[in-house]
2 protein chains.
Amino acid sequence: MTKNDSAQLASQSVSQRSVNALRMLGVDMIEKANSGHPGIVLGSAPIVYSLWEHFLTFNPREPQWFNRDRFVLSVGHGSALLYALLYMNGFDLTIDDLKNFRQLGSKTPGHPEYGHTPGVDATTGPLSQGLGMAVGMAMAEKHLAGQYNRPHFPIIDHFTYALVGDGDLEEGLSQEAINLAGHLELSKLIVLYDSNDVSLDGPLSDSSNENAAQRFRAAGWDYQLVNDGNDLESLDTAIAHAQRSHNPSIIEVKTVIGAGSPLAGTNKVHGAPLGPDNMAKLRKNLNWQLQPFQVDEDVYNHYDNFINQKIEAYHDWQKLFNHYQDQFPEEAAQLQDAKLHLDEQAVQFKTGEMIATRNASSTVMQALAQENQNFWGGAADLTASNKTYLTDCGDFTADDPSGRNIHYGIREFGMAAAANGITLHGGSRTFVSTFLVFSDYMKAAIRLAALMKIPTAFVFSHDSIAVGEDGPTHEPVEQLVGLRSIPGVNVFRPADANETLAAWQTIGDIDDHPAVLVTTRQKLPTLADAANGKDKVARGGYVISPAKGEPEGILIASGSEVPLAIKSQQQLAESHHDVAVVSMPCMELFNQQSQEYRDHVLPPALTKRVAIEMGTGFVWNQYVGSRGKIISVDQFGQSGDGSTIVSNYGFNVDNVTQTYLSLQ
Amino acid sequence: MTKNDSAQLASQSVSQRSVNALRMLGVDMIEKANSGHPGIVLGSAPIVYSLWEHFLTFNPREPQWFNRDRFVLSVGHGSALLYALLYMNGFDLTIDDLKNFRQLGSKTPGHPEYGHTPGVDATTGPLSQGLGMAVGMAMAEKHLAGQYNRPHFPIIDHFTYALVGDGDLEEGLSQEAINLAGHLELSKLIVLYDSNDVSLDGPLSDSSNENAAQRFRAAGWDYQLVNDGNDLESLDTAIAHAQRSHNPSIIEVKTVIGAGSPLAGTNKVHGAPLGPDNMAKLRKNLNWQLQPFQVDEDVYNHYDNFINQKIEAYHDWQKLFNHYQDQFPEEAAQLQDAKLHLDEQAVQFKTGEMIATRNASSTVMQALAQENQNFWGGAADLTASNKTYLTDCGDFTADDPSGRNIHYGIREFGMAAAANGITLHGGSRTFVSTFLVFSDYMKAAIRLAALMKIPTAFVFSHDSIAVGEDGPTHEPVEQLVGLRSIPGVNVFRPADANETLAAWQTIGDIDDHPAVLVTTRQKLPTLADAANGKDKVARGGYVISPAKGEPEGILIASGSEVPLAIKSQQQLAESHHDVAVVSMPCMELFNQQSQEYRDHVLPPALTKRVAIEMGTGFVWNQYVGSRGKIISVDQFGQSGDGSTIVSNYGFNVDNVTQTYLSLQ
């Protein structure tokens, strides 16, 4: 289509006016808020109209319906379009909610927020993560269908759609997501690409000359082109075709950013309100006679007809699921259980046994996999190092989706985004793994998990400079503090096998926060005092080795530094300094405990404190106070023998003891 | 080729034995260290032999020669191969250095480290960043050639090569790098792809079914396939062809991981030493009769011949450059100057003027661009928001490489890696920019800049919850602490326009650390006391608003919270509490000052302290001590009016004052 001369925009057909209702509600919202992104609202309205009304299954009254089609607005800055769509499709949003777009506390925030607005399937805005999560949702659908559907009971059988823009596809994350989806032949993933050739800074050709068809085909996708993004029939045909594909599908839809407005086709309409003059011209171009936020009755009715059909489909499924529940009660229960369970006796570690926490974690994970059929996950090509393979659980592949080990390839960010998508889908609990240092590649997705309050588990091995020979590129230093600083992430750094077990039990219990589990490559002693530690670890910090009498000071440590602290405690005892050792496997949980509990673990009167951790020091100031000292790593690591490096960096008994003795 | 039956491996030609010398030195190193990655050493040796001996320009005695071809071993785990290559090519590495592979303090660490081993052009290991940096190097070459070459003086005229593996290309970063290079038509970038179909966890087909030819062609690259990675002639032909291409080139070389060893073609040979038995069989397969670390004299001579030719080319260039220096002394000086200069008078801001620090930064950057012809950079499609466009400096494009504004597209990580490559190349100073919250996407590259001690400048606007309407996905919280925790990164958060100016001056002076500059979207008052603040900002923290007499306490703040602290200081003065206000624009620099200076700014006797910053609180414990309090943001932001959110989160004068008054 050319810029604005399409007569279709101004057509008075009910379907065109229904499309234009989305357009006008969206830009009315943006005008009222004096903030937002009109370009995509005007450009993409026909795409979402075609998809939502003619294809998408959902029930506005049950927005979390398990077998609904999933829809991810990866172009999160197009939130106004999504809210208009949700409103017209009967979700629990009022016209006043639309009028409160981007206002504090409203149901219609600047970018779509999962758990905040009914009908929003994922929080989006950070570009390409929506696409990455959609891939995860489609993986979950394929896996759970393979695992839980039974003959005549296709209880899991839905599509996953995403609307993406040029920005999503410029991000490298998109390539990881695309390749993963292509490799896994996620045929029920359908991506609609709002291809408008304009980005914030100007024409897309300023930064890209990519051939999308070739790129997606290289990754095993079906590619279709819709030349006129206002042509509803072409859109319908393309989506119907994509539904029949044996591969994931991309539909590149050529649209005009800001279609209908005088600024159409330019970057000026991307991210700023149109203003009164251009709004008046837009109304004229669309032949739109109504007041702001006004919609014709027949347009409402038009949407209602679609809604009613969709609700019928929902009821059919609900009947099917009720029968399934009767016949397969255990499976049905699993699908509805967001917690992980672990028999207290399933795993036991012997005091004194030397075992790396990555291996202890592996042992626990095998038990979890046995007890929880819906526990699955994978690694970014480091399964053998992370020790996160689930034995006898099969591989999740294109041909056998019931397998529970995912080969993510060397795609950390794509892995993390997909895991968030799997978690958002519901019905299972999932984990991902790589080296701690490479958490850097996935940080933005861990943040998004925290923002969405979803329980994705991120398992990171090789947790310190003890990695040794691989050198500073592979030795984490600041990653611990970086992860702890994300609001709402529980970061566990267990001191031994028993704390690792307890950490997993705690992770399994918490379904409204993501968790990070950090494990060692090197062996650690299984400590007597950490046994049966679930409650202790769940409180984040506890006295793991008490003083013999009234302590005169405290050594505080996490992970592999806890046994070191205990050795120093013994050395100090020899020179008649009686100190307690506190293990701090999870600062976030500890900080949430009562003042009373915290004062019990860290009595305020005891100001002689040393904190010991092979990571950034400043996070420990909150526990050691002005008079304490911190033995930490605030420089990069080195390549060489791990235990020598560890000792050279001050993590040896003598240095801990001397540091304590140097306290005033 | 098939696995091990190529007679070529055992050929006694001097070139084949020269290839095998690289293989054997590499695996001897790994055996001796009992740590390393033999697979790629054995598989890729012919590729680097062909490239280095037949094409690469360098001078082992001047490893930093400005016009050398650049070589990036993106597959950093193949370090043993690179060290063998450097040794055989006369760089300052001895056979003892090879024997000390991966030992503490050796010149041959686990992964190649820039600045540590002569001849290493980039620190690599974190996958795909090598490729990203190679793209930056090729950008620098193209730009500087466009800007500084003169008729008959092609002083900048070299190729950039990278050796990449399957893992590099699975990473999403590779797509950003590839698209950037394709778009910019970096014809002198040649990527050699060690395509061995095996990754750490098993066959590549477990995680990927990508068609590399199609993928690279989609991005505007020339693609060639070399079917037998042991065929030196084919390798030579392909590289020669790539040199003539008008686009960036990829040469996919089918190799056998661990070629020659009994484990060839499997993931078992990826990351563990071969062990004595397999070493013996390898020796037999290669017909290699020498002792470990032994190389035949004629092989040494063979390499020496190549070296001599290369040194001749160096001398030719040196003559050319001497003439250039005579004729264009200013240009020659610029190319050799790693600092940024700024006339003290070039920029002035008026006290009281309201100006966002992003705008102040823009003003300073224009002056920098005027005074420093080799200052250039770009944004990830947020130029208009970050305010980092260099006026009248043109755009760096495929056709006009002399332009100084880079359109990176929405490719944050690729941008950061490329900027590191530009910096590594030398001859210019560069910056990149996006929103602070999206620093998450580039964190791993900022870390690598710090590890390499290179002065890339990362400019981030929209630095807090004050962003408002866009909501929590776009409001940074924990990013400040995350960036500060990277060892060796100077993070500047200036309080006003003058501090912004001083921050840029400090950044320009420091050429051995990367810098992060964080700016506001909202307007801030230009403070009287920050004027002429270069020395103050260079010390990281200073008393910006002293008490009237002897202070009873201190308010410490950074950035937009400094004016707030000053207002509270005034309010406190009204109730007869005389406090000082400390501005802390750069914690890292402050922490490097003498104890005396730090005690002058934060007198130990003054324990009544409040720190105020719109970011994670715990980083401030080091300054406020046990008795102080912190007003911080330790939860996600919200969507709504920015100033309301800021106030609701406690950043208002009354709350600061009350918090101070509540101190014991």
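Quick caveat: nothing in here was measured; it's all calculated off a predicted structure.

Undergrad: Help me out: how do you make sense of the UniProt feature "binding site: thiamine diphosphate" (unreviewed entry) in chain A in this one?
TA: Residue and element names in this part refer to chain A. The UniProt feature table records "binding site: thiamine diphosphate" (unreviewed entry) at His 77, Gly 125, Pro 126, Leu 127, Gly 167, Asn 196, His 270 and Phe 438. For the annotated residues, spread through 362 residues, the largest C-alpha to C-alpha distance comes to 34.4 Å, inconsistent with a single compact locus. Topologically, Asn 196 is positioned in the loop between β3 (189-195) and β4 (198-199). In this structure Asn 196 comes out as buried when scored by relative accessible area, which is 10%.

Undergrad: What am I meant to see in the side chain of Thr 657 of chain B here?
TA: With respect to the secondary-structure elements, Thr 657 of chain B resides in helix α25 (residues 653-661). In this structure, Thr 657 of chain B is in contact with Ser 568, Gln 571 and Leu 572 of chain B, ignoring residues within four places of it in sequence.

Undergrad: Can you help me understand the pattern of salt bridges in this one?
TA: Oppositely charged side chains can pair when the atoms bearing their charge come close. Residues and elements named next belong to chain B. Under the defined criterion, the tally for this structure stands at 42 salt bridges over all chains. Notably, a salt bridge pairs Arg 17 with Asp 296, separated by 3.2 Å at the nearest N-O pair. One end of the pair, Arg 17, is in helix α1 (residues 14-33); the other, Asp 296, is in the loop between α10 (276-285) and α11 (297-327), with 279 residues separating them in the sequence. A relative accessible area of 11% places Arg 17 in the buried class. Residue classification places Asp 296 among the partly exposed positions, given a relative accessible area of 30%. Notably, a salt bridge pairs Asp 463 with Arg 493, separated by 3.0 Å at the nearest N-O pair. With Asp 463 in the loop between β13 (457-461) and α17 (479-484) and Arg 493 in the loop between β14 (490-492) and α18 (497-509), this pair connects stretches of sequence that are 30 residues apart.

Undergrad: Whenever I open this one, the relation of the copies chain A and chain B confuses me. Can you help?
TA: These two copies of the chain differ by a rotation about an axis and a displacement along the same axis. When chain A is fitted to chain B, the best match, at an RMSD of 0.0 Å, comes from turning it 180° and sliding it 0.0 Å along the axis. Given the turn and translation reported, the copies of this chain are related as if by a two-fold rotation axis. Considering only C-alpha atoms, the part of chain A nearest the rotation axis is Gly 172 of chain A, at 2.0 Å. In this assembly the copies share their binding face: 100% of the residues contributing to the interface of chain A also contribute to that of chain B.

Undergrad: Hey, could you run me through the nonpolar core in this one?
TA: Nonpolar side chains in soluble globular proteins tend to end up buried together. One finds Trp 504, Leu 555 and Ile 612 of chain A together with Trp 504, Leu 555 and Ile 612 of chain B to be the most contacted residues of the largest nonpolar core, which totals 150 residues. Once you skip the residues sitting within four places of it in the chain, Ile 612 of chain B turns out to touch Leu 555, Ile 556, Ala 557, Ser 558, Glu 561, Leu 564, Ala 565, Ile 631, Phe 651 and Val 656 of chain B.

Undergrad: Quick question: what am I supposed to make of helix α9 (residues 232-243) of chain A here?
TA: An α-helical turn contains 3.6 residues, so any two residues separated by three or four positions project in the same direction. Residues and elements named next belong to chain A. With twelve residues, α9 extends 17 Å from end C-alpha to end C-alpha; this agrees with the ideal 16 Å at 1.5 Å per step. When α9 is considered as a whole, its buried residues turn out to be Leu 232, Leu 235, Asp 236, Ala 238, Ile 239 and Ala 242. Down the axis of α9, the sector holding all buried residues measures 165°, keeping them to one side. Among the exposed residues of α9, those oriented more than 90 degrees off its buried face are Glu 233 and Thr 237. Its buried side turned inward, α9 meets α1 (14-33), α2 (38-54), β2 (160-165), β3, β6 (222-226) and β7 (249-254). Capping of α9 at its N-terminal end is provided by Asp 231; its side-chain oxygen lies 3.1 Å from the backbone amide nitrogen of Glu 233.

Undergrad: What is the right way to look at the interface of chain A and chain B in this model?
TA: Interface size is commonly expressed as the accessible surface area that is lost when the partners come together. Contacts between the two partners involve 94 residues from chain A, matched on the other side by 94 residues from chain B. Between chain A and chain B lies a buried interface of about 7700 Å² when both sides are counted; carbon and sulfur atoms form 55% of it. Ranking the residues of chain A by area buried against chain B places Leu 104, Tyr 441 and Arg 447 of chain A at the top, with a combined share of 9%. Seen at the junction of chain A and chain B, the total is ten salt bridges. Measuring nitrogen to oxygen at the nearest pair gives 2.8 Å for the salt bridge that ties Arg 102 of chain A to Asp 470 of chain B. Across the chain A-chain B interface, the total number found is 55 residue pairs in polar contact (both at pLDDT 80 or more). At eight residues, the largest contribution of residues to the side of chain A that touches chain B is made by helix α16 (residues 439-452) of chain A.

Undergrad: Would you take a moment to explain the sheet that holds strand β20 (residues 609-612) of chain B for this structure?
TA: In a beta sheet, neighbouring strands are held together by backbone hydrogen bonds and run either parallel or antiparallel to one another. All names here are of chain B. Spatial strand order, β17-β19-β18-β20-β21: five strands in an open sheet with mixed pairing. The open sheet terminates on both sides in strands that have one partner only, identified here as β17 (542-545) and β21 (629-631). In this sheet, adjacent strand axes meet at a mean angle of 30° when their direction is disregarded. Sheet analysis places β17 next to strand β19 (residues 579-583), joined by three bridges and oriented antiparallel. Bridge pairing links Tyr 542 to Ser 583 in β19.

Undergrad: Before we go on, may I ask you to explain unusual backbone geometry in this structure?
TA: For residues other than glycine, phi is negative in most cases, and the peptide bonds are mostly trans. Non-glycine residue His 576 of chain A carries a positive phi angle of around 65°. Along the polypeptide, His 576 of chain A turns up in the loop between α20 (561-574) and β19 (579-583). Residue His 576 of chain A is classed as exposed on the basis of its relative accessible area, which comes to 71%. Of note, the phi angle at Asn 34 of chain B is positive, near 55°, even though the residue is not glycine.

Undergrad: Got a minute to help me understand the pairing of strand β13 (residues 457-461) of chain A in this structure?
TA: Remark: a regular strand shows side chains that alternate across the two faces of the sheet. Residues and elements named next belong to chain A. Among the five residues in β13, five count as buried, and that is most of the element. The two faces of β13 match: Ala 457, Val 459 and Ser 461 on one face and Phe 458 and Phe 460 on the other face are all buried. Pairing of strand β12 (residues 429-435) with β13 involves five bridges; the strand directions are parallel. Considered in β13, the bridge of Ser 433 is made with Val 459. With α16 bridging β12 and its parallel neighbour β13, the resulting β-α-β unit is right-handed.

Undergrad: Is there a simple way to explain the sheet that holds β3 of chain A in this structure?
TA: Residues and elements named next belong to chain A. If you walk across this open sheet you meet the five strands as β1-β2-β3-β7-β6, and the pairing is parallel. Where the open sheet ends on each side, the last strands, each with one partner, are β1 (70-73) and β6. Within the sheet, the average angular offset between the axes of one strand and its neighbour, ignoring direction, is 20°. In the packing of α2 onto the sheet, the strands contacted are β1, β2, β3 and β7, and the crossing angle to β3 comes to about 155°.

Undergrad: How should I be thinking about the environment of Val 579 of chain A in this particular structure?
TA: Tracing the backbone through its elements, the reader meets Val 579 of chain A in strand β19. When the C-alpha atoms of Val 579 of chain A and Glu 552 of chain A are compared, they prove to be 5.6 Å apart, with 27 residues separating the residues in sequence.

Undergrad: Even after reading the chapter, I still don't get helix α7 (residues 172-183) of chain A, so can you show me in this structure?
TA: Residue and element names in this part refer to chain A. The end-to-end C-alpha separation of α7 is 17 Å, in line with the 16 Å expected for twelve residues at 1.5 Å each. Burial analysis of α7 places twelve of its twelve residues in the buried class, which makes it a mostly covered element. Turning to α7, its buried residues number three or more, namely Gly 172, Leu 173, Ser 174, Gln 175, Glu 176, Ala 177, Ile 178, Asn 179, Leu 180, Ala 181, Gly 182 and His 183.

Undergrad: In this structure, what is going on with the UniProt feature "site: Important for catalytic activity" (unreviewed entry) in chain A? I would like to understand it.
TA: The sites that UniProt annotates as "site: Important for catalytic activity" (unreviewed entry) are His 37 and His 270 of chain A. For this annotated set, covering 234 residues, all C-alpha atoms fall within 5.5 Å of each other, a compact arrangement in space. Beyond its immediate sequence surroundings of up to four residues, His 37 of chain A is in contact with Ile 30, His 77, Arg 102, His 270 and Gly 271 of chain A together with Asp 470 of chain B. If you trace the backbone, His 270 of chain A turns up in the loop between β7 and α10 (276-285). With a relative accessible area of 14%, His 270 of chain A lands in the buried category. When near neighbours in sequence (up to four residues on either side) are disregarded, His 270 of chain A contacts Gly 36, His 37, Pro 38, Gly 39, His 77, Leu 200 and Ile 257 of chain A.

Undergrad: What should I look at first to understand the side chain of Thr 657 of chain A in this one?
TA: Residues and elements named next belong to chain A. Residue Thr 657 is classed as buried on the basis of its relative accessible area of 4%. Of note is the side chain of Thr 657, whose polar atom sits 3.0 Å from the side chain of Ser 568. Only 2.4 Å separates the side chain of Thr 657 from the side chain of Gln 571, close enough to count as a polar contact.

Undergrad: Got a minute to help me understand the environment of Asp 399 of chain B in this structure?
TA: Residues and elements named next belong to chain B. Assignment of secondary structure puts Asp 399 in the loop between β10 (395-396) and β11 (405-407). Taking the relative accessible area as the measure of exposure, Asp 399 reaches 69% and is therefore exposed. Sequence separation between Asp 399 and Gly 146 is 253 residues, and the spatial gap between their C-alpha atoms is 9.9 Å.

Undergrad: Looking at this model, I keep getting lost on the confidence of the model for chain A. Mind explaining?
TA: Predicted coordinates in regions of low pLDDT should not be interpreted in detail. For chain A, the mean per-residue pLDDT works out to 96, and 98% of the residues sit at or above 70. Two numbers describe this predicted complex: its pTM, 0.98, and its ipTM, 0.98.

Undergrad: So what exactly am I meant to see when it comes to the packing of aromatic side chains here?
TA: Each aromatic ring pair is characterised by the separation of its centres together with the angle its planes make. Following the criterion strictly, the structure yields 53 aromatic pairs over all chains and no others. Between Phe 321 of chain A and Tyr 324 of chain A, the aromatic rings sit 5.9 Å apart at their centres with planes inclined by 25°, giving stacked as the arrangement. Of this pair, Phe 321 of chain A and Tyr 324 of chain A both sit in helix α11 (residues 297-327), separated by three residues, roughly a single helical turn. Among the residues examined, Tyr 324 of chain A registers a relative accessible area of 0% and is labelled buried. The interplanar angle of 85° and the centroid separation of 5.1 Å between the aromatic rings of Tyr 441 of chain A and Phe 413 of chain B together place this pair among those described as edge-to-face. Here the residue Tyr 441 of chain A occupies a position in helix α16, and Phe 413 of chain B occupies one in helix α15 (residues 412-425), the pair thus bridging two chains. Since its relative accessible area comes to 9%, Phe 413 of chain B is described here as buried.

Definitions and cut-offs
- Residues numbered from 1 in each chain as written.
- Chains lettered and ligands numbered in written order.
- Predicted model: local features only at pLDDT ≥ 70, side-chain atom pairs only at ≥ 80, totals over all residues.
- Heavy atoms only, no water.
- UniProt positions renumbered as here; feature names shortened; annotations may be inferred.
- Helix = DSSP H or I, 4+ residues; strand = E, 2+ residues; numbered from the N terminus.
- Buried < 20%, exposed > 50% of the residue type's maximum accessible area, 1.4 Å probe, protein only.
- Contact = heavy atoms within 4.5 Å.
- Salt bridge = Lys/Arg side-chain N within 4 Å of Asp/Glu carboxyl O.
- Least-squares fit on C-alpha atoms with pLDDT ≥ 70 in both.
- Core = buried A, V, L, I, M, F, W, Y, C linked by side-chain atoms within 4.5 Å.
- Expected span 1.5 Å × (residues − 1).
- Arc of directions from axis to C-beta.
- Polar contact = N/O pair within 3.5 Å; in protein donor to acceptor, adjacent residues only side chain to side chain.
- Buried area = accessible area lost by both parts, 1.4 Å probe.
- Pairing = 2+ DSSP bridges.
- Axes fitted to C-alpha atoms, helices over the stretch in contact; angles between N-to-C directions.
- Right-handed = clockwise from strand over helix to strand, strands pointing away.
- pLDDT = per-residue confidence, 0-100.
- Phe/Tyr/Trp six-rings, centres within 6.5 Å; stacked < 30°, edge-to-face > 60°.

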